[in-house]
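Here is how the chains run, residue by residue.
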Amino acid sequence: MKIRELLERVSYRCLQGSLDQEITGYSHDNRQVEEGDMFICIKGARFDTHQCVEEVAAKGARMIVAERAVQAPEGVTVILVEDTRKASPLLAAAFYGHPAERLVTVGVTGSKGKTTVTHMLADILRASGKKVGTIGTNGAIIGDHIYELNNTTPDAQEVQMYLRMMADAGCTHAVVEVSSQGMKQHRVDGFTFDYGIWTNISEGDHIGPNEHKDFEEYLYCKAMLLEHSKLGFVHVDDVHVDALMKYVTVPVLFYGYDAKADYRACHVQKTYCQETKEPGLSFHVEGKLTADIHVNMPGEFNVMNALAAVSVADVMGISEKAMNQALNHMNIKGRIDMVYRGAFSVCVDFAHNGYSTRNLLEALREYRPKRLVCVFGADGNRSKSRRYEMGEASGKLADLSIVTAGHNRYERFEDILKDIHVGLDKTMGSYIVIPDRKQAIRYAIEHAREGDVITIIGLGHESYQEENGIKYPHSDTEFVKQVIQELGLEGDKK
């Protein structure tokens, strides 16, 4: 692709070189530049790749995109833009042929529920005969292929690459989880979503030097997903909805329990299948859609997750039959994920703060366990309030808490444990401490009693555990399977 074609939707000034050079690759990492690449200079908190121009030119970069004048060898085209982070997604979209324009795209944002809503909507679309790709916490999923991602919302080049792969694979729809960091760093700026879903927002999460400076910025970044959409869907019951709507100018449909919602959930009932021993939910939808919906997942919070997916599906013209066909067979990796069912059950979940821990444990009570055991650890280099709240939630709601390590990152486990104790000590809950995560999981399984539900939380779908900046391979799900196999236990393993 010629440089002038890449720049068709970008405001720029050519400082040097020809716009007719052919570009064969895209890079913003000076360590990965290849012959024929365009290279996007990024000024980061710790490193500024404007300083790497000679290095990347020597590796074969034919085009440099910068936000200040740089010196490049003769023959290298230098393009000046106001903000390289904002230009990057536009260039990536052009390089991959604007694939979003070949797809119906849905963006999902919120403090909680992004992954569940994404998978619910994708499964509803599949049940209606659509071919769907997803990008998010559980990776980029295209057909039978799952590509692991480092971030919930990957960088702009990866987003566009996966959208192009979806379009080339014959997908008609793409559902994308969009984090607040993804919006702040312009990772999805290269296109406009057909539909945007805003699930909720909670204070305390994602505020800090490496994320958002304050709650207002966090809220604004969440709102920007809607502004990048042609039609928004907003959870009307959220306490911050009025503050959110001050930033929103696009058309919006509301969903929730409130009487003014366009899609209203009512007559919510908890269900329990005696044959499969599985709880679920049923509810009635009123407003723009009249339907009876059933979900094979417990936890009343999943009513709103399902309603969000149902609302968008209805606007797309999807039938109630397809909605229920999908929602009656949900199985989401790392979300109330029953990885073993036998004399006792083992559930893996991504719950990693007080809110999600409370919701999960309350939902697991619907399985009617004789005893609920919670194996959890809180993350290092994250808000201490998460640790207090997780300790208190598990102490109150679990019959036994087994405190272990999560992602310690650069903190000592002993220091994290002190903060967890702040919450635990407010309760009369029974607990033990086993710092090694594998040993804690093994202990829970080896000491399980008939009728127990054991939940292992904090890492969910993740395939690593981080300590001192090193990511060691580890999967809670796979380790559970290993222990079950070693013990020769009978039952259903996923």
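First, a word on scope: everything that follows refers to the structure included in this document. All of these numbers come straight from a predicted model, not from anything done at the bench. (Residues numbered from 1 in each chain as written. Predicted model: local features only at pLDDT ≥ 70, side-chain atom pairs only at ≥ 80, totals over all residues. Heavy atoms only, no water.)

### A closer look at the sheet that holds strand 1 (residues 13–16)
Then comes step 1: Spatially, 1-5-4-3-2 is the arrangement adopted by the five strands of the open sheet, whose pairing is mixed. Only two strands of the sheet have a single partner each, and these edge strands are strand 1 and strand 2 (25–27). Geometrically, the sheet is characterised by an average inter-axis angle of 25° between neighbouring strands, direction not taken into account.
Then comes step 2: By the bridge criterion, three bridges tie strand 1 to strand 5 (residues 77–80) in an arrangement that is antiparallel. Bridged to Q16 within strand 5 is V78. (Pairing = 2+ DSSP bridges. Helix = DSSP H or I, 4+ residues; strand = E, 2+ residues; numbered from the N terminus. Axes fitted to C-alpha atoms, helices over the stretch in contact; angles between N-to-C directions.)

### Focus on the nonpolar core
Then comes step 1: L121, I197, F283, I293 and L327 are the most contacted members of the largest nonpolar core, which has 43 residues in total.
Then comes step 2: Counting residues per element, this core draws most heavily on helix 9 (residues 301–315), at nine residues.
Then comes step 3: Apart from residues no more than four positions distant in its own chain, I197 is found in contact with V106, G107, V108, T109, V117, L121, L225, L226, F233, Y255, A308 and V312.
Then comes step 4: Within the second largest apolar cluster, 35 residues are counted, among which are V178, F193, F215 and L219. (Core = buried A, V, L, I, M, F, W, Y, C linked by side-chain atoms within 4.5 Å. Buried < 20%, exposed > 50% of the residue type's maximum accessible area, 1.4 Å probe, protein only. Contact = heavy atoms within 4.5 Å.)

### As for the pattern of salt bridges
Then comes step 1: A full pass over the atoms with the stated rule returns 29 salt bridges.
Then comes step 2: Close ionic contact of D419 with K384 constitutes a salt bridge, the shortest N to O distance being 3.9 Å. Taken together, the residues span a long stretch of sequence, with D419 in helix 13 (residues 413–424) and K384 in helix 12 (residues 384–397) at a distance of 35 residues.
Then comes step 3: Residues R409 and E466 are paired through a salt bridge, measuring 3.8 Å at the closest nitrogen-oxygen approach. Here E466 lies in strand 23 (residues 464–467) and R409 lies in the loop between strand 20 (400–403) and helix 13, a separation of 57 residues in the sequence. (Salt bridge = Lys/Arg side-chain N within 4 Å of Asp/Glu carboxyl O.)

### Describing helix 11 (residues 354–364)
Then comes step 1: Counting buried positions over the eleven residues of helix 11 gives eight, a clear majority of the element.
Then comes step 2: Of all the residues in helix 11, the buried ones are G354, S356, T357, N359, L360, L361, A363 and L364.
Then comes step 3: Looking at the buried residues of helix 11, the elements they touch are helix 9, strand 17 (337–341), strand 18 (345–349), strand 19 (371–376), helix 12 and strand 22 (452–457).
Then comes step 4: Of the residues flanking the start of helix 11, the one acting as N-cap is N353, its side-chain oxygen 3.3 Å from the backbone nitrogen of Y355. (Polar contact = N/O pair within 3.5 Å; in protein donor to acceptor, adjacent residues only side chain to side chain.)

### Description of the packing of aromatic side chains
Then comes step 1: As enumerated under the stated definition, the model contains seven aromatic pairs in all.
Then comes step 2: For the ring pair F95 and Y96, a centre distance of 5.0 Å and an interplane angle of 90° mean the geometry is edge-to-face. Comparing F95 with Y96 shows no difference in burial state: the two are buried.
Then comes step 3: Here R368 stacks its cationic end above the ring of Y272, 3.8 Å away from the centre of that ring. (Phe/Tyr/Trp six-rings, centres within 6.5 Å; stacked < 30°, edge-to-face > 60°. Lys NZ or Arg CZ within 6 Å of the ring centre and 35° of its normal.)

### Concerning helix 9
Then comes step 1: With 15 residues, helix 9 extends 22 Å between its outermost C-alpha atoms, agreeing within 8% with the 21 Å of an ideal straight helix rising 1.5 Å per residue.
Then comes step 2: Counting buried positions along helix 9 gives 13 out of 15 residues, so the element sits mostly inside the fold.
Then comes step 3: Downstream of helix 9 by one or two residues, G317 has phi in the positive range, about 90°. (Expected span 1.5 Å × (residues − 1).)

### Things to note about unusual backbone geometry
Then comes step 1: In the Ramachandran plot, R409 falls in the positive-phi region, its phi being about 50° despite a non-glycine side chain.
Then comes step 2: The phi torsion at N468 lies on the positive side, around 50°, for a residue other than glycine.
Then comes step 3: Tracing the backbone through its elements, the reader meets N468 in the loop between strand 23 and strand 24 (470–473).

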